[in-house]
Amino acid sequence: MLFMPKNQNIKQDRQSWLWRCHVDLPLFLFIGLLMSIGLATVYSASGQSLEMMDRQALRFLLAITFMLAIAQVPPRILKVIGFWVFIIGLILLLCVLQFGDISKGAQRWLRIFGVRFQPSEIMKIAVPLMVAGYLSQGRLPPSPLRLLVALLLTLVPTILIAKQPDLGTAIMIATSGLAVIFFAGISWWLILGMLALIGSFVPVLWFFLMHDYQRQRVLTLFDPERDPLGTGYHIIQSKIAIGSGGIFGKGWLNGTQSRLDFLPESTTDFIFAVFSEEFGLIGIGGLLLAYLSLISRGLYIGSQAQDSFSRMLAGSITLTLFVYMFVNMGMVSGIMPVVGVPLLMISYGGTALVTMMLGFGILMSIHTHKTRSSYSG
Amino acid sequence: MSSYDNLRNQKEELRIYRNRLLVAVCLVLLCMLLILARMVHLQIFQHEMYSTLSNKNRISIIPEGPVRGLIFDRNGQILATNLPTFNLEVIPEQVDDLADSLQRLGQLVHLSDKDLQKFERMRQRERRFKQILLRNQLTEQEIALFSVNQHLFPGFSIELSEKRYYPQGDALSHVIGYVGLINKTELEKIDTSNYRATKHIGKTGLERFYEDRLHGTTGYSQVETDASGRVVRGPMEKVNPEPGENLHLTLDLELQQLTDSLLQGRRGAIVALDPRDGGILALVSHPGFDPNLFIDGIDSQSYSELRDSPDNPLFNRALRGVYAPGSTIKPLMGLLGLTSGLITVHTKIWDPGYFSLPNDTRRYRDWKKFGHGSVDIFLSIAQSCDVFYYDLAVKLGIDRIHSFMSAFGFGHRTGLDMAEEKSGLMPSREWKRRVRKQGWYPGESVNTGIGQGYWSATPLQLAQSTALLVNGGQGFQPHLLKASESAQGLTAFQPEVVETGISIRKEHLTAVLEGMHQVINSERGTAHKAFKGAHYDAGGKTGTAQVVGIKQNESYDVNKVALRNRDNALFIGFAPFDQPKIVVAVIVENAGHGGSEAAPLARAVMDMYLTGKKTTAIEPTAAEPEEVND
């Protein structure tokens, strides 16, 4: 059965070279599969631009390198690194709010030694590391005090990022932190209570905290026809692309919506619409299966982990991947508001990908740094 | 922590973790199912809708206008055609410096301020890669000058276009009518998909009545466009436009032109038709106008001139002019008298020059001051005796008159294939009650007997009633269309048969027609002089209809009455007498005597048609010593 820890004695006898390089083959294969699909789709969505595809392939290679690099780091060291990165990240976030660069109407960037980067990206990895590291030091499920601290560790960066404003990233970070807490085993009542709290927070969010354009996005979700040439345009075009794909799709390179410029962001956030148009329901089924396999592997790795830190971290990373997938697909198909979340390993672009790949590297690290004397039961 | 505690803790933690894991897996599966369900909804249940939208996004339909059908007379002469014209067009995107180009261009091609303004407005409205009209109808010189210098003007090109043209101008203006730019009201009535590439539509006359046939069917080609509307690929599917049908009319162009010239300097209408099939040979309303002015929108000055002219050139007198028929209806009235048995061919009455109703002192006068003496039906027609018909009409009563005359078409449209026809008025008791809220007075019957009073008819109705008469109470629906021509060939027009439904005895018909024969052949016939020397035998009836009433004891003095109050001159006739091939109805407004003013015109028309002899200038024949005022 999937969740029963295997007999590691037999496994360790093999000592395959993959294991020694800290590469988890199934994970690697699934990632490779998704990346290949991504390259093919980007090629089509970009209007058969070899240039774009090559650039993306290069990014993939770079990301894989990062993944393999961090896979070499054993989890206990990761815990320590996580702690310091979190602290630094928090400071940087504060700096951004104080004197950050504004680009595309959002204050997200910092310039250090002439290099521009987004501190919020760092927090995507730092938060789960920090929260998992903190909670694993005590008993699980955590005491109310420890729970509170964990929540704070999650929410402070979330709010700082939300103020930039960068709603998409803020949500992802909150998700990753909350996922850790979820896997820590807090009582169901508590979870319900928190959901209720979030629920009651929504009206506050709506009326006081959300920007107008963010509100527009949610309203457009329910009725894209309200603003067919403005905010609704994306969704309408996206649905047209998806719907016209049908069961079998129009075929690779035959998508009309993106080729003729009807679908904006067709290579980035809305690439799933291009995929659906060209490969149809069958293709979507296959893609979902690929993601499911990846997620299953991630959860399996978590179930096989030897300590609570690794377990919670694995669970959080995997769930984060899942949320990316779900939110993007939901957004593109019109059941969620447009929040600007890419479809990892398919969408063109690099920053979110690299962060996720680091996550995968951590998963590999967790899985391949097992000690013989671990408790297997 | 003791190692035992540690152990137990680990076990507990693992259990919790696996618990959560299960929940996580369920959550993941559920969400994926949700996504899948959404996709199924979009890609299966709404697939057709989105496919259509997807195509609608990218497939544009470019319409191609059909060529308008031509109109010919019965001998194949062109009456309405399409002339090629050349337009100067621009694609702004392809021009480097538009202002400079326009300035240089102005030296080769005349560009008025209006042209430039219109162009600028269009340019701001349309996409940069769309071709826009700069100047239409280039002259040959402009075409030549531009073509030679075309390489200096990238983005500019000469495009072929078509414009409707009426080569015969005035003479046919009231028959053919004209096309004009489609207006808002018309836009609501037509099938817009067939008019996507058409700017003009028939406005009056045959152009309007046969619009559907003349217009044809618009074709289209499918092209693929991107989000800006730029054509990316295509055409993928192409349906050729179907040209409009050509119309071959029953009109004779030479006859029409002659007829029009006969009315030169006067106001009036002439309708000539073939009683054997109802085909219209000539239909003239004078004065006419130049229909070419209206095609692309007439300029206000020209229009004001036409509209304000007291001669009403835009008014179609042949179809819409309603006049008192006057004495022209006497033959029919006589026929009614015979048919109803009130008189016979031998009946004679005494005409002292006036008529009075019983117990009434008012005298209805005959045109002949001291009367015609003893009058039978033949003389009553030949010399247009009024008293005979005053008496007859009173005896017949308005009800019988109304019923009989209605059967001969008075008070109804004839059904000609033109939209502008009026029905005139055949008065009746019922009509008087309904419209005037009064009963019918006997004196009104008196007037009706000689075609005055409320009775009004169009020249077309006069021609048609005459045709029905010469055919013995039946005939055909008058029509201008002889045949329509399409790619499949000629289709002849089948006119409907018209029956009066009145059974007319041969001897009665013969008598009436003989009376009409004597109008022309008898020495004292009212049209005798007009038909002197004719190479054929004819029959007819003159009419002089009052426009303004004359007081009891006054006499009509032409010089005293203002021109537009003078009597209208009318004439109906047919020839050859034995097997009539042509029926002519003439009205000349305010011209006076039918015999001297209208009959000669009919003679000229018949001359032309039957013998080919052309008489253009008509001198009114000298009046009789006693002025014929029938």
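Structural data are supplied above this passage.
Residues numbered from 1 in each chain as written. Chains lettered and ligands numbered in written order. Predicted model: local features only at pLDDT ≥ 70, side-chain atom pairs only at ≥ 80, totals over all residues. Heavy atoms only, no water.

A. Local environment of the overall build of chain A. When helices and strands are tallied, chain A shows 15 helices and 3 strands. Residues counted as buried form 55% of the 377 residues belonging to chain A. Within chain A, contacts between residues at least 6 apart in sequence are counted, and of these 72% link residues at least 24 apart. Here chain A displays about 16600 Å² of accessible surface, and carbon together with sulfur accounts for 69% of that area. (Helix = DSSP H or I, 4+ residues; strand = E, 2+ residues; numbered from the N terminus. Buried < 20%, exposed > 50% of the residue type's maximum accessible area, 1.4 Å probe, protein only. Contact = heavy atoms within 4.5 Å. Areas by Shrake-Rupley, 256 points an atom, 1.4 Å probe, with all protein chains shown as cover.)

B. View of the sheet that holds strand E9 (residues 231-239) of chain B. Residue and element names in this part refer to chain B. Taken together, 3 strands build an open sheet; the order of strands is E1-E8-E9 and the sheet is antiparallel. Since the sheet does not close on itself, it has two edges, and those belong to strand E1 (59-64) and E9, each with one partner. For this sheet, the mean angle separating the axes of adjacent strands, direction not counted, is 30 degrees. Of the pairings in the sheet, the one linking strand E8 (residues 219-225) to E9 comprises 5 bridges and is antiparallel in character. When the bridges of E9 are listed, Glu-224 appears paired with Arg-233. (Pairing = 2+ DSSP bridges. Axes fitted to C-alpha atoms, helices over the stretch in contact; angles between N-to-C directions.)

C. Summary view of unusual backbone geometry. Residue and element names in this part refer to chain B. Cis geometry is adopted by the peptide bond preceding Pro-287, which originates at His-286 and carries an omega value of 0 degrees. Looking at the element boundaries, Pro-287 is found in the loop between strand E12 (280-286) and helix H11 (300-308). Cis rather than trans, the peptide bond between Ala-575 and Pro-576 has omega equal to -15 degrees. Along the polypeptide, Pro-576 turns up in the loop between strand E22 (568-575) and strand E23 (582-588). For Lys-437, which is not glycine, the phi torsion reads 55 degrees and is therefore positive. With respect to the element layout, Lys-437 can be found in the loop between helix H16 (429-436) and helix H17 (442-449). Within the chain, Asn-590 stands out as a residue other than glycine whose phi angle is a positive 55 degrees. Its place among the elements puts Asn-590 in the loop between E23 and helix H20 (594-611). Asn-590 sits in the buried class, given a relative accessible area of 9%.

D. Local environment of the environment of A:Met67. Residue and element names in this part refer to chain A. Mapping Met-67 onto the fold places it in helix H4 (residues 50-71). What makes Met-67 buried here is its relative accessible area of 0%. As for Met-67 and Phe-360, which are separated by 293 residues in sequence, their C-alpha atoms are 6.4 Å apart. Beyond its immediate chain neighbours, meaning those up to four positions away, Met-67 contacts Phe-28, Ile-31, Met-357, Phe-360, Gly-361 and Met-364.

E. Highlighting a positive patch on the surface. Side chains of B:Lys114, B:Lys118, B:Arg121, B:Arg125 and B:Lys199 sit close together on the surface and give a patch of like positive charge. By secondary structure assignment, the location of B:Lys114 is in helix H4 (residues 113-125). (Patch = residues over 30% accessible without salt bridge, like charges linked within 9 Å, V, L, I, M, F, W, Y side chains within 5 Å. Salt bridge = Lys/Arg side-chain N within 4 Å of Asp/Glu carboxyl O. Lys, Arg positive; Asp, Glu negative; His and termini not counted. Charge placed at Lys NZ, Arg CZ, Asp CG, Glu CD.)

F. Quick look at the side chain of B:Ser101. With respect to the secondary-structure elements, B:Ser101 resides in helix H3 (residues 98-105). On the accessibility criterion, B:Ser101 (5% relative accessible area) is buried.

G. Structural context of a nonpolar patch on the surface. Residue and element names in this part refer to chain A. On the surface, a nonpolar cluster with roughly 480 Å² of combined accessible area is contributed by Val-80, Phe-83, Trp-84, Ile-87 and Ile-91. Relative to the helices and strands, Val-80 resides in helix H5 (residues 75-99). For Val-80, a relative accessible area of 49% puts it in the partly exposed group.

H. Structural view of the sheet that holds E12(B). Residues and elements named next belong to chain B. Spatial strand order, E12-E11-E23-E22-E21: 5 strands in an open sheet with antiparallel pairing. Whereas interior strands pair on both sides, the edge strands pair on one side only; in this sheet they are E12 and strand E21 (539-545). Strand-to-strand, the axes of this sheet are offset by a mean angle of 5 degrees, without reference to chain direction. As defined by bridge partners, strand E11 (residues 268-273) adjoins E23 across 6 bridges and the pair is classed as antiparallel. By the bridge assignment, Val-271 is partnered in E23 with Ala-585. Running over the sheet, helix H18 (residues 459-470) touches E11, E12, E22 and E23 and is turned about 150 degrees from E23.

I. Spatial organisation of the interface of chain B and chain A. In this complex, chain B contributes 41 residues to the contact, which on the side of chain A involves 58 residues. Both faces considered, chain B and chain A share a buried interface measuring about 4300 Å² in area, 71% of it formed by carbon and sulfur atoms. Sorting the residues of chain B by area buried against chain A places B:Tyr17, B:Arg20 and B:Gln43 first, and these three jointly supply 18% of that buried surface. The tally of links from chain B across to chain A stands at 0 salt bridges. (Buried area = accessible area lost by both parts, 1.4 Å probe.)

J. Representation of the pairing of E22(B) in the model. All names here are of chain B. Buried residues dominate E22, accounting for 8 of its 8 residues. Burial of the side chains of E22 extends over both faces: Asn-568, Leu-570, Ile-572 and Phe-574 are buried on one face and Ala-569, Phe-571, Gly-573 and Ala-575 on the other. Sheet topology places E21 next to E22; 7 bridges connect them, and they run antiparallel. Pairing of Ala-545 across the sheet is with Asn-568, part of E22.

Nothing here speaks to function; it is geometry throughout.
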